[in-house]
Amino acid sequence: MAQVQERVAAELDRIGPVVDELGRRFADAGHTLHLVGGPVRDAMLGRLQDDLDLTTSAHPDEVERLVKGWADAVWDIGRAFGTIGCRKGEWTVEITTYRSEAYSPDSRKPEVAYGTDLAGDLGRRDFTVNAMAVSLPDRRFDDPFGGIVDLAHQVLRTPGRPEDSFSDDPLRMMRAARFAAQLGFDVAPEVVAAMTAMAERIDVISAERVRDELVKLVCAPQPRRGLALLVETGLAERVLPELPALQLERDEHHRHKDVYEHSLTVLEQAIDLEERLAGPDGAGVPDFVVRFAALIHDIGKPRTRRFLSDGSVTFHHHDVVGAKLTRKRMKALRFSTEQVEAVSKLVELHLRFHGYGDGGWTDSAVRRYVRDAGDQLERLHILTRADCTTRNKRKADRLRRTYDDLEARIAVLAEQEELDAIRPDLDGNAIMTILGIGPGREVGEAYRFLLELRMDEGPQTPEAAEAALRAWWDARTP
Ligand code: ATP
Ligand code: MG
């Protein structure tokens with residue numbers, strides 16, 4: 001406890017210059033202001049961040065008036081929900097009016113009713129560790145639900161009965177899994193029981209809110225914890241049914257491994273390789289796209305499984321089928337087109353490398369690999385390397401060396417030519433001039449012929465490209 005208090009004191013000193021002045025402004029106007037939720041919890045855990053959540057008795061219009069002139073920028077996050085956002089230096093501050101929400105059981109979004117006191121506001125928060133507050137500027141600590149004890153025991157509990165809390169807002173069930181993954185905490189047994197009993201209630205929540213929690217969960221330090229909880233409670237069955245479907249019963253000969261377990265391990269191995277994507281200042285990680293692709297790369301397997309008469313099992317085209325399922329699910333979860341395309345491309349290409357065998361790819365095959373991966377190449381490297389969970393060390397070493405070899409080949413080829421911008425050696429105008437034809441279908445055909453040639457044989461001199469084009473043209477016209 002003493003250590004926790006020290007951490008909080010140190011954190012309050014760190015943010016003091018930002019928040020004390022703001023606290024005085026609110027106090028002078030006759031309002032209370034509290035640091036609440038995430039920043040209080042994270043200060044105790046020593047997880048510092050630059051986002052500050054505050055709660056106040058002032059209504060949004062008043063909040064806006066009070067922060068104007070103090071903040072560098074002010075915006076409206078959701079006035080209807082009582083939240084005003086602002087920035088002060090590198091700090092992002094969100095100020096929400098006390099709430100005592102009334103929910104109608106089947107509404108997708110909470111209806112907001114403003115509350116009058118801190119106690120009521122804390123009582124409607126999701127978990128006790130998120131229901132602690134520090135008053136500003138005088139720094140009194142409020143913890144009506146024993147959040148500090150739960151924090152010490154690393155457990156997520158709801159302030160009231162979990163059934164009531166989840167009826168009010170079923171999204172909190174997803175948030176339990178998300179915080180388990182982020183904080184590495186356990187979820188209290190009665191909370192798990194309520195999640196299990198009420199899993200289907202998640203259906204009333206909008207896809208966007210579910211997606212946002214899923215993204216945070218997957219990007220957390222311990223996604224396995226959160227994912228296992230989603231699967232175990234039946235929530236995954238509602239929001240990402242392809243995941244529990246990976247729990248294929250094994251065939252009696254144990255010829256294929258547990259695909260679900262394998263997928264979680266691939267996700268963890270991808271996380272270990274993720275820093276390849278990090279920029280100089282560590283930006284770009286965690287990377288949702290590579291993590292999600294790792295998690296679901298095999299989702300085509302349940303649908304493509306065939307048992308052969310010799311007792312073996314195959315999953316033909318599970319890459320293609322998996323890419324389709326990925327698209328469908330991610331669209332349903334309202335991911336951006338860019339994210340949908342990125343993840344489904346990775347799923348579709350995750351097996352391609354295995355044709356590489358003992359280094360037997362032609363230059364043309366290497367170029368095609370690079371072209372098809374496009375801007376996902378670095379992620380494809382990570383996914384393919386992570387997708388090796390054999391316990392046979394020699395086999396794993398061999399795969400790693402083979403992939404090293406492929407990456408080396410790509411580097412050599414990329415130096416020779418700028419692979420990522422492969423174009424035919426002659427453009428449309430040159431094609432028309434050489435063949436003496438006008439615009440039309442034949443120019444497109446000639447262009448594709450030259451592109452294939454470029455893929456198969458690498459860059460050509462203009463003379464060689466022209467000769468090849470003429471030969472193709474002569475052979476083609478009767
Ligand atoms: P982070 O910002 O790191 O994701 P956080 O704890 O700040 O974590 P937010 O989603 O930003 O989480 O929410 C801020 C606070 O608002 C939470 O700590 C919690 O007290 C409360 N809260 C947010 N969403 C809900 C909800 N659906 N039900 C109840 N309380 C909530
Ligand atoms: Mg927050």
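Residues numbered from 1 in each chain as written. Chains lettered and ligands numbered in written order. Predicted model: local features only at pLDDT ≥ 70, side-chain atom pairs only at ≥ 80, totals over all residues. Heavy atoms only, no water.

Colleague: Could you give me a rundown of the packing of helix 13 (residues 288-296) against helix 16 (residues 337-349), with the residues and numbers involved?
Modeller: The N-to-C vectors of helix 13 and helix 16 enclose an angle of 45°; their axes lie 9 Å apart at closest approach. The angle between helix 13 and helix 16 falls in the class oblique. Crossing geometry of helix 13 relative to helix 16 is assigned as right-handed. Only Gln339, Ala342, Val343, Leu346 and Val347 of helix 16 make contact with helix 13, whose side of the interface consists of Phe288, Val289, Phe292, Ala293 and Ile296. For the contact of helix 13 with helix 16, the residue count by class is 9 nonpolar, 1 polar and no charged. (Axes fitted to C-alpha atoms, helices over the stretch in contact; angles between N-to-C directions. Helix = DSSP H or I, 4+ residues; strand = E, 2+ residues; numbered from the N terminus. Parallel < 35°, antiparallel > 145°, perpendicular 65-115°, else oblique. Left-handed = near helix turned anticlockwise from the far one by under 90°. Contact = heavy atoms within 4.5 Å. Nonpolar A, V, L, I, M, F, W, Y, C, P; charged D, E, K, R; others polar.)

Colleague: Outline the site of ligand 1, supporting the account with residue identities and numerical values.
Modeller: Ligand 1 sits among 15 residues. The nearest are Arg41, Asp169, Arg172, Arg175 and Arg178. Here a nitrogen atom of ligand 1 and a side-chain polar atom of aspartate 169 are 2.8 Å apart. Taking arginine 172, its side chain carries an N or O atom lying 2.6 Å from a nitrogen atom of ligand 1. Elements supplying a minimum of two residues to the shell around ligand 1: helix 2 (38-45) and helix 7 (171-183). In terms of residue count, the dominant contributor to the shell around ligand 1 is helix 7 (4 residues). In terms of residue class, the shell around ligand 1 is built from 1 nonpolar, 4 polar and 10 charged. (Near = heavy atom within 4 Å. Polar contact = N/O pair within 3.5 Å; in protein donor to acceptor, adjacent residues only side chain to side chain.)

Colleague: Describe helix 19 (residues 393-416), naming the residues involved and giving the relevant values.
Modeller: Taking 1.5 Å as the rise per residue, helix 19 with 24 residues should run 34 Å; its terminal C-alpha atoms sit 35 Å apart, in good agreement. Taken residue by residue, helix 19 has Ala396, Asp397, Thr402, Tyr403, Leu406, Glu407, Arg409, Ile410 and Leu413 as its buried positions. Contacts made by the buried residues of helix 19 are with helix 17 (363-373) and helix 18 (377-386). If you check the start of helix 19, you find a side-chain oxygen 3.1 Å away from the backbone N of arginine 394, and it comes from asparagine 392. (Expected span 1.5 Å × (residues − 1). Buried < 20%, exposed > 50% of the residue type's maximum accessible area, 1.4 Å probe, protein only.)

Colleague: Run through the pairing of strand 3 (residues 73-78), naming residues and quoting values.
Modeller: Taken together, the 5 bridges between strand 3 and strand 4 (residues 83-88) define a ladder with antiparallel strand orientation. When the sheet's bridge partners are listed, valine 74 is paired in strand 4 with cysteine 86. Between strand 3 and strand 4, which pair antiparallel in sequence order, lie 4 residues; one of them, glycine 82, sits at a positive phi of approximately 85°. (Pairing = 2+ DSSP bridges.)

Colleague: I'd like to hear about the sheet that holds strand 6 (residues 133-136), residue by residue, with values.
Modeller: Here we have 7 strands laid out as an open sheet, ordered 3-4-5-2-1-6-7, and mixed in their pairing. Bordering the open sheet on either side are strand 3 and strand 7 (141-142), each of which pairs with just one other strand. Summarising the sheet, strand 1 (residues 33-36) and strand 2 (residues 51-56) pair through 3 bridges and their orientation is antiparallel. Residue leucine 35 lies in a different strand from strand 2, and its bridge partner there is leucine 54. Sheet strands touched by helix 2: strand 1, strand 2, strand 6 and strand 7. Its angle to strand 1, the strand with the most contacts, is close to 55°.

Colleague: Provide a residue-level description of the layout of surface pockets, including the pertinent values.
Modeller: Considering only enclosed or pocket space, the largest pocket measures out at about 1400 Å³ in volume. Mapped onto the lining of the largest pocket, the elements with two or more residues apiece are helix 2, strand 2, strand 3, strand 5 (91-97), helix 7 and helix 9 (207-218). By residue number, the principal contributor to the lining of the largest pocket is helix 7, which donates 6 residues. Partitioning the lining of the largest pocket into residue classes produces 11 nonpolar, 10 polar and 21 charged. (1 Å grid on protein atoms, 1.4 Å probe; cavity = no way out; pocket = protein on both sides within 12 Å on 5 of 7 lines; lining within 4 Å. Points joined across faces, edges and corners; volume = space filled by probe spheres on them.)

Colleague: Please give an account of the domain arrangement of the chain that cites residues and values.
Modeller: You can read the domains of the chain as domain 1 (1-146), domain 2 (154-239), domain 3 (261-421) and domain 4 (428-476). If you average the C-alpha positions of domain 2 and of domain 4, the two centres end up 58 Å apart. (Domains from an automatic or database assignment.)

Colleague: Give me the environment of threonine 433: which residues, what numbers.
Modeller: Mapping threonine 433 onto the fold places it in helix 20 (residues 428-435). Here the alpha-carbon distance between threonine 433 and phenylalanine 315, two residues 118 residues apart in the chain, equals 50 Å.

Colleague: A description of the UniProt feature "coiled-coil region" (unreviewed entry) in the chain should follow, citing residues and the corresponding values.
Modeller: Using the residue numbers shown here, the UniProt feature "coiled-coil region" (unreviewed entry) corresponds to residues 389-416. Annotated as residues 389-416, this span is 86% helix and 0% strand, and its ends, taken at the C-alpha atoms, are 34 Å apart. (UniProt positions renumbered as here; feature names shortened; annotations may be inferred.)

Colleague: Account for empty space enclosed by the protein, naming residues and giving values.
Modeller: Space left empty within the atom packing is revealed by a probe, the size of a water molecule, rolled over the atoms. Considering all chains together, one arrives at 2 cavities of 30 Å³ or more under this definition. Together, Val8, Glu11, Leu12, Ile15, Leu35, Pro39, Val40, Ala43 and Val134 line the second largest cavity. Listing elements by their share of the lining of the second largest cavity, those giving two or more residues are helix 1 (2-28) and helix 2. A per-element tally of the lining of the second largest cavity places helix 1 first, with 4 residues.

Colleague: Quick rundown of unusual backbone geometry? Include the residues and the values.
Modeller: Note: most peptide bonds trans; most residues except glycine with negative phi. Following leucine 136, the chain continues to proline 137 via a peptide bond in cis, the omega torsion being 5°. The backbone of histidine 317 shows a phi angle near 65°, a positive value even though the residue is not glycine. Its place among the elements puts histidine 317 in the loop between strand 11 (313-314) and helix 15 (318-332).

Colleague: Now, about the packing of aromatic side chains: what can you tell me, with residues and values included?
Modeller: According to the stated counting rule, one finds 8 aromatic pairs in the structure shown. Cation over ring: arginine 178 sits above phenylalanine 179, and NZ or CZ is 4.3 Å from the ring centre. Above the ring of phenylalanine 315, the side-chain terminus of lysine 301 is found at 4.6 Å from the ring centroid. (Phe/Tyr/Trp six-rings, centres within 6.5 Å; stacked < 30°, edge-to-face > 60°. Lys NZ or Arg CZ within 6 Å of the ring centre and 35° of its normal.)

Colleague: How would you sum up the pattern of salt bridges? Please name residues and give values.
Modeller: Per the counting criterion, the structure on display carries 45 salt bridges. Among the salt bridges present, the one from arginine 178 reaches glutamate 213, with a minimum N-O distance of 2.7 Å. Within this pair, whereas arginine 178 is found in helix 7, its partner glutamate 213 is found in helix 9, the two being separated by 35 residues in sequence. The exposure class assigned to glutamate 213 is buried, which follows from its relative accessible area of 5%. Each member of the salt-bridge network shares a partner with another, and the members are Arg276, Glu378, Arg385, Asp404 and Glu407. (Salt bridge = Lys/Arg side-chain N within 4 Å of Asp/Glu carboxyl O.)

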